[in-house]
Amino acid sequence: MKILKKSDFQIMENLFSLTEEQLKITVSKFLKTKYENVVETEAYVYAIGDIPVALVAHLDTVWETPPKELFYDAQKGVIFTPGGMGADDRAGVYAIIQIIRSGLGPHIIFTTVEECGCIGAGFLSRIDCPFENLNFLIELDRRGECDCVFSDCENQAFTDYISKFGFIESYGTFSDICELCPSWGVAGVNLSVGYKNEHTSSEILYTNPLLATIEKVKNILKIYRKKGILVVL
């Protein structure tokens, strides 16, 4: 079992403690330290990277106020808090931040108001795809340990490819990629980031699945960075 470093848990605590608007400001500032081309609107933030894969997460939660404190049981590998936590989808935001901090530069999309009908993604889907090269989307916003949920994907090669990284195909509800994929004509997948009991006061976040997904996505991105150009699956 991997244990979160104190510094990494502090990053997570900071991300979870912010309102949606505060988090949008925070991730925008962070992206501008890593990317030359960052676009921020009221509905979304995106950054143009050098790997033809876009990572997606949403900045809102179902809770009006963020948690005051997180508790981490390192032995059980679980993070919890009394009341609503908002790991859906602060876990996804954390994952993307950590992937960028590792030195990888995929395209990035952060959306707003996903929990009320993917409104931010809806606005983004109405413009042409801003990424010159984009092979597929990976949304980091799924409960559980190793689920992969595909958005209107009839590309069996893509399904098989993602499954090779240890994910198991499942089925889920509407999410941001359901707006973006059909509009931009690309495949997309939503991957587990370890939360459970989302949208309830008993929501918890298992750190092992979260860290495992981060590593798997990093491996996917490294393959595409090495190839350097748009890869047709």
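All values reported here derive from a predicted model rather than from experimental measurement.

On to the environment of V62, then. Tracing the backbone through its elements, the reader meets V62 in the loop between β3 (51-58) and β4 (71-73). Taking the C-alpha atoms as reference points, V62 and E114, 52 residues apart in sequence, are found 9.3 Å from one another. Dropping the residues within four chain positions of it, V62 is found in contact with E115 and H199.

So, about the state of the cysteines. Summed over all chains, the structure comprises zero disulfides. No disulfide involves C146; its nearest neighbouring cysteine sulfur is the one of C148, lying 8.3 Å away. Look at C146 and you get partly exposed, because its relative accessible area is 21%.

Okay, the side chain of E198 next. Turning to its location among the elements, E198 is positioned in the loop between β11 (195-196) and β12 (204-206). Among the polar contacts made by the side chain of E198, one reaches the side chain of R143 at a distance of 2.6 Å. Excluding residues within four positions of it along the chain, E198 makes contact with D88, R143 and E203.

Bringing the sheet that holds strand β5 (residues 78-80) into the picture now. Where strands meet in a sheet, backbone hydrogen bonds hold them as pairs that are either parallel or antiparallel. Read across the open sheet, the four strands follow the order β4-β5-β12-β11; overall the sheet is antiparallel. Both edges of this open sheet fall to β4 and β11, since each of them pairs with a single strand only. Direction of pairing for β11 relative to β12: antiparallel, over a ladder of two bridges. Pairing of Y195 across the sheet is with L205, part of β12.

Residues Y44 and Y46 point to one face of strand β2 (residues 44-47) and V45 and A47 to the other, with burial holding for every one of them. Sheet topology note: the strand β1 (residues 38-40)/β2 ladder contains three bridges and is antiparallel. Bridge assignment links E40 to a residue of β2, and that residue is V45. The turn joining β1 and β2, which pair antiparallel and follow one another in sequence, is formed by three residues. In the sheet, β2 pairs with strand β6 (residues 106-111) via four bridges, with the strands oriented antiparallel.

Cut-offs applied
Residues numbered from 1 in each chain as written. Predicted model: local features only at pLDDT ≥ 70, side-chain atom pairs only at ≥ 80, totals over all residues. Heavy atoms only, no water. Helix = DSSP H or I, 4+ residues; strand = E, 2+ residues; numbered from the N terminus. Contact = heavy atoms within 4.5 Å. Disulfide = S-S within 2.5 Å. Buried < 20%, exposed > 50% of the residue type's maximum accessible area, 1.4 Å probe, protein only. Polar contact = N/O pair within 3.5 Å; in protein donor to acceptor, adjacent residues only side chain to side chain. Pairing = 2+ DSSP bridges.

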